[in-house]
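Below are the chains, spelled out letter by letter.
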Amino acid sequence: HPYLLWLARDPADDHRHPELERLRGKVVPITVRLGQGFRVLIVTGPNTGGKTVALKTIGLNTLIALSGVPIAVDAGSRVPFYTAVFADIGDEQSIEQSLSTFSSHLVHLIEILRQASASPLILLDELGAGTDPVEGAALGRALLDCFLERGWSAVITTHLSSLKEYAFSRDGAENAAMEFDPRTLRPTYRLLMGVPGGSNALAIARRLGLEAG
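Structure report, in brief. If you're wondering where the values come from, they're calculated on a predicted model, not measured in any experiment.

For the structure on display, the rule yields one aromatic pair. When the centroid spacing of 5.8 Å and the interplanar angle of 35 degrees are considered together, the rings of Phe-147 and Trp-152 count as tilted. Side by side, Phe-147 and Trp-152 carry an identical accessibility label, which is buried.

Written out as structure tokens, the structure reads:
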């Protein structure tokens, strides 16, 4: 398939980037698929659960591969020839430029819509955040509709339930979840394809020391 992104890592494979192991200790690999049956992947899951890291992993591996440099993935993995990679990751609030969290994301989205061409990969972190959840979700759904109608590929992260439902009801969209262990109240950092994830905000608040009462 000409637009199939397939980045696979075997959890049993002990080969990891030595600098990652030195800095972080245990490293959890992810396997992600995009482009065969769906072009938009909606990643949900807990805070501090690895959604943004997964997004950056996809983006960096794609850019490295498109630069002609081998990447640390299993045999059979594939990276299509995207014409460009666009990313809106992080929060760039600015008093000087009168940008809030929401408006800074919106400025980046407008630029992506203006600049993207035939076959881009678009990476969006926390789509629809920073404003009224209902309005943010409506805007997010409209943007994803636009991406699909133009034949663009996108991976987005979100906490909005409406966007999880979007992946169930819209052809060309699929859910993925960062796994959360309810016994330990900790994320496992594994990416599960085909299922939505919960934010687990209350469980995480308890684990971080927020007491009831």
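Back to the text.
This part covers the environment of Ala-87. Within the secondary structure layout, Ala-87 lies in strand β4 (residues 84-88). On the basis of relative accessible area, Ala-87 is assigned to the partly exposed category, the value being 47%. As a C-alpha pair, Ala-87 and Leu-55 span 32 residues in sequence and 9.1 Å in three-dimensional space.

This part takes up the packing of helix α4 (residues 133-149) against helix α5 (residues 161-169). Across the interface, α4 lies against α5 with an axial gap of 9 Å and an inter-helix angle of 35 degrees. Relative to α5, α4 is oriented so that their crossing is right-handed. Side by side, α4 and α5 meet where Ala-137, Gly-140, Arg-141, Leu-144, Asp-145 and Leu-148 of the first sit next to Ser-162, Leu-163, Tyr-166 and Ser-169 of the second. Looking at side-chain class alone, the contact of α4 with α5 contains five nonpolar, three polar and two charged residues.

With that settled, the discussion passes to the pattern of salt bridges. This model, assessed by the stated rule, comprises four salt bridges. One salt bridge connects Asp-181 with Arg-183, and the closest N-O pair in it is separated by 3.1 Å. By relative accessible area, which is 71% here, Arg-183 ends up exposed.

Let's shift gears to the nonpolar core. By size, the foremost hydrophobic cluster in this structure holds 22 residues, and its most contacted members are Ile-42, Ile-122, Leu-124, Leu-127 and Leu-144. A total of five residues in this core trace back to one element, the largest contributor, which is α4. When near neighbours in sequence (up to four residues on either side) are disregarded, Ile-122 contacts Phe-86, Ile-112, Phe-147, Trp-152, Ser-153, Ala-154 and Val-155. The next biggest cluster of nonpolar side chains, apart from the first, holds 19 residues, and it includes Ile-58, Leu-121, Leu-123 and Met-178.

Rules behind the numbers
Residues numbered from 1 in each chain as written. Predicted model: local features only at pLDDT ≥ 70, side-chain atom pairs only at ≥ 80, totals over all residues. Heavy atoms only, no water. Phe/Tyr/Trp six-rings, centres within 6.5 Å; stacked < 30°, edge-to-face > 60°. Buried < 20%, exposed > 50% of the residue type's maximum accessible area, 1.4 Å probe, protein only. Helix = DSSP H or I, 4+ residues; strand = E, 2+ residues; numbered from the N terminus. Axes fitted to C-alpha atoms, helices over the stretch in contact; angles between N-to-C directions. Left-handed = near helix turned anticlockwise from the far one by under 90°. Contact = heavy atoms within 4.5 Å. Nonpolar A, V, L, I, M, F, W, Y, C, P; charged D, E, K, R; others polar. Salt bridge = Lys/Arg side-chain N within 4 Å of Asp/Glu carboxyl O. Core = buried A, V, L, I, M, F, W, Y, C linked by side-chain atoms within 4.5 Å.

Function-wise, these values are silent; they only describe arrangement.
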